[in-house]
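Residues per chain, in single letters:
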Amino acid sequence: MLHIAICDDNSLELKELSEHILSYGKYKNISLQCHLFQNGFEIISSLEKGNRFDIYILDIIMPNFSGIETAKEIRAFDKNSPIVFLTSSPELALEGYKVKALNYVLKPASKEKLFETLDEVFSEIQTKKNENAIVIKSSEGMQKILVSNIIYAEAMGREVVYHLSLGKVIKSAGTFFSCHETLKKFDCFLKPHRSYIVNMKYISKILNNDIYLQNNVKIPVAQGKIKKIKMDYLNYQMGEIL
């Protein structure tokens, strides 16, 4: 199931977009769920509650809080999910590249253009899935996990427990050493403690000797490592901005 956030202050256009997207899902045999928002504040509030979406479709021109401003706030929570802008002016869409927007659709959005854009979005998602995924052995057999969905992993007895976005938990019989060797290849992970590996994408803040994650979990930092952990996280954040 892929979750798509759609934001447009025009309720009629919002409903029509949702219908077109669900129609696309049926046509392509893709399980989709649309989450409708009439302003950017509603999306940010949802993200603050821990909700995450696979795709964001935002109207650029909205009162009080524009689509561009909304996208900048979204990127504070979600660095990678595709953003598509809806706009009546191609010039306005140029601003979208500052927040790594994938594409834009001119309003009124025709079904054909929307389908064409969604083809591009899903092609991008599939490419990322193929490139950034790991395979682990669990009680359910071999499972493929998207790196972007891993919030943190922890050693628990003779198992490694992977905590994923949307609350999913997978236990693996593999060693924590092997887990670390696999994940350290990706520049978004750090090891603050001998029993934890954290995806910096999901860090909310680092305070005293603890890392606070966006799902309200607190991860301890080993004694003597806090300075390096803060520096690694700062470098990661600067890399994301650039």
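My aim in this report is to walk through the structure given alongside it, one point at a time. All of these numbers come straight from a predicted model, not from anything done at the bench.

Conventions adopted
- Residues numbered from 1 in each chain as written.
- Predicted model: local features only at pLDDT ≥ 70, side-chain atom pairs only at ≥ 80, totals over all residues.
- Heavy atoms only, no water.
- Helix = DSSP H or I, 4+ residues; strand = E, 2+ residues; numbered from the N terminus.
- Buried < 20%, exposed > 50% of the residue type's maximum accessible area, 1.4 Å probe, protein only.
- Phe/Tyr/Trp six-rings, centres within 6.5 Å; stacked < 30°, edge-to-face > 60°.
- Lys NZ or Arg CZ within 6 Å of the ring centre and 35° of its normal.

Not every positive phi belongs to a glycine, and Asn 29 is a case in point at roughly 60°. Of note, Asn 64 is a non-glycine position whose phi angle comes to about 75°, a positive value. Of note, Asn 64 is situated in the loop between strand S3 (55–59) and helix H3 (67–77). Its relative accessible area of 73% is what places Asn 64 among the exposed residues.

What follows deals with the packing of aromatic side chains. Two measures describe an aromatic ring pair: the distance that separates the ring centres and the angle between the ring planes. For the structure shown, the criterion picks out seven aromatic pairs. Centroid distance Phe 41 to Phe 65: 4.5 Å. Interplanar angle 15°. Geometry classified as stacked. In this pair, Phe 41 is assigned in helix H2 (residues 40–48) and Phe 65 in the loop between S3 and H3, connecting sequence segments 24 residues apart. Consider the rings of Tyr 152 and Tyr 196, whose centres lie 6.3 Å apart with planes at 40°: the pair is tilted. Highlighted residues: Tyr 152 in strand S8 (residues 150–156) and Tyr 196 in strand S12 (residues 196–199), separated in sequence by 44 residues. In this structure an aromatic cluster arises from ring pairing among Tyr 24, Tyr 27, Phe 115 and Phe 122. Lying across the ring of Tyr 212, Lys 205 places its NZ or CZ 5.1 Å from the centre.

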